[in-house]
Amino acid sequence: MSSDQYVIDLAAPRREAQFPHGILVKFSEDAEFLFPAELPADALDPILSEDLDLVGLLGDVVQAQGKSAVDEIIELLFRRPRLPKLFLNAVKETYKALLGEQQFADFLAARPSVPDYVRLTIGLTRVYGVDLGKLFGSAGSSETDGETSKPTSADTTSSTLEESGAAPETADSSGSAD
């Protein structure tokens, strides 16, 4: 066999091998829930729905210029007043798809708070290996697992800074003396 690094390795152990019976979540002293070992693709349909348009919302946030992300999100929420309720409903539908009817009813009976949904969603995205930024095609800072690019030539120019963050030495470009 080759020692090449595979882009896709279907022989790698699946999450079912780690969690053969599913992902057990302790919600409270009296409530625990079993999520599927693998994230079914259709479970994300409510989050990715055109009605919710999270991809468009994130695109608007990324396109915002001169505003902080928080300011832009608040402004977008005022322009889309139905969004918080639509989003919460989409999250609930996703949990319903993951848990099934009976477990989801039991989950709602446990009266999860918004922070409970946030903590549980963050925990599940880590276990499932879902990167929401990549899922929504966020154009934020790009990370790569690839090599750093190499210079095309060994030559340097006089304008190249020797040390990162160092100020360039400049001559008076106006040609006038003070």
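Let me begin by describing the structure that accompanies this report. Computed from a predicted model, the values in this text were never measured in an experiment. (Residues numbered from 1 in each chain as written. Predicted model: local features only at pLDDT ≥ 70, side-chain atom pairs only at ≥ 80, totals over all residues. Heavy atoms only, no water.)

## Some thoughts on the pairing of strand β2 (residues 32-35)
Here β2 shows a clear split, with F33 and F35 buried on one side and none of E32 and L34 buried on the other. As paired strands, strand β1 (residues 23-26) and β2 are joined by four bridges and run antiparallel to one another. Among the inter-strand pairings, V25 is bridged to a residue of β2, identified as F33. Counting the residues between successive antiparallel strands, the hairpin from β1 to β2 contains five residues. (Buried < 20%, exposed > 50% of the residue type's maximum accessible area, 1.4 Å probe, protein only. Helix = DSSP H or I, 4+ residues; strand = E, 2+ residues; numbered from the N terminus. Pairing = 2+ DSSP bridges.)

## A closer look at the pattern of salt bridges
Here the idea is simple: oppositely charged side chains can pair when their charged atoms come close. Taken as a whole and judged by the stated rule, the model has five salt bridges. Close ionic contact of K96 with E101 constitutes a salt bridge, the shortest N to O distance being 3.7 Å. The class of E101 is exposed, set by a relative accessible area of 59%. Of the charged contacts, one joins R119 and D116 as a salt bridge, the two residues approaching to 2.7 Å between their closest N and O atoms. (Salt bridge = Lys/Arg side-chain N within 4 Å of Asp/Glu carboxyl O.)

## Points about the packing of helix α4 (residues 83-99) against helix α5 (residues 101-109)
For the pair α4 and α5, interaxial distance at closest approach is 7 Å and the crossing angle is 130 degrees. Relative to α5, the element α4 lies oblique. Relative to α5, α4 is oriented so that their crossing is right-handed. Touching K92, Y95, K96 and L99 of α4 are E101, Q103, F104 and F107, all from α5. Class assignment for the residues of the contact of α4 with α5 results in four nonpolar, one polar and three charged. (Axes fitted to C-alpha atoms, helices over the stretch in contact; angles between N-to-C directions. Parallel < 35°, antiparallel > 145°, perpendicular 65-115°, else oblique. Left-handed = near helix turned anticlockwise from the far one by under 90°. Contact = heavy atoms within 4.5 Å. Nonpolar A, V, L, I, M, F, W, Y, C, P; charged D, E, K, R; others polar.)

## Section: the nonpolar core
The biggest cluster of nonpolar side chains holds 24 residues, and the ones touching the most others in it are F35, Y95, F107, L120 and L124. For this core, the elements supplying multiple residues, two or more each, are β1, β2, α2 (54-63), α4, α5 and α6 (114-128). Broken down by element, this core gets its largest block of residues, six residues, from α4. Y95 has contacts with F35, G100, F104, F107, Y117, L120, T121 and L124, leaving out every residue within four places of it along the chain. (Core = buried A, V, L, I, M, F, W, Y, C linked by side-chain atoms within 4.5 Å.)

## With respect to unusual backbone geometry
Across the chain, the bulk of peptide bonds are trans and the bulk of non-glycine residues have phi less than zero. The phi dihedral of D53 falls on the positive side, at around 50 degrees, and the residue is not glycine. As for its position among the elements, D53 is in the loop between β2 and α2. For D53, a relative accessible area of 33% puts it in the partly exposed group. One non-glycine residue, R111, lies in the positive phi region at around 55 degrees. Following the sequence through the fold, R111 ends up in the loop between α5 and α6. In this structure R111 comes out as exposed when scored by relative accessible area, which is 72%.

Treat this as a map of the structure, not an account of what it does.
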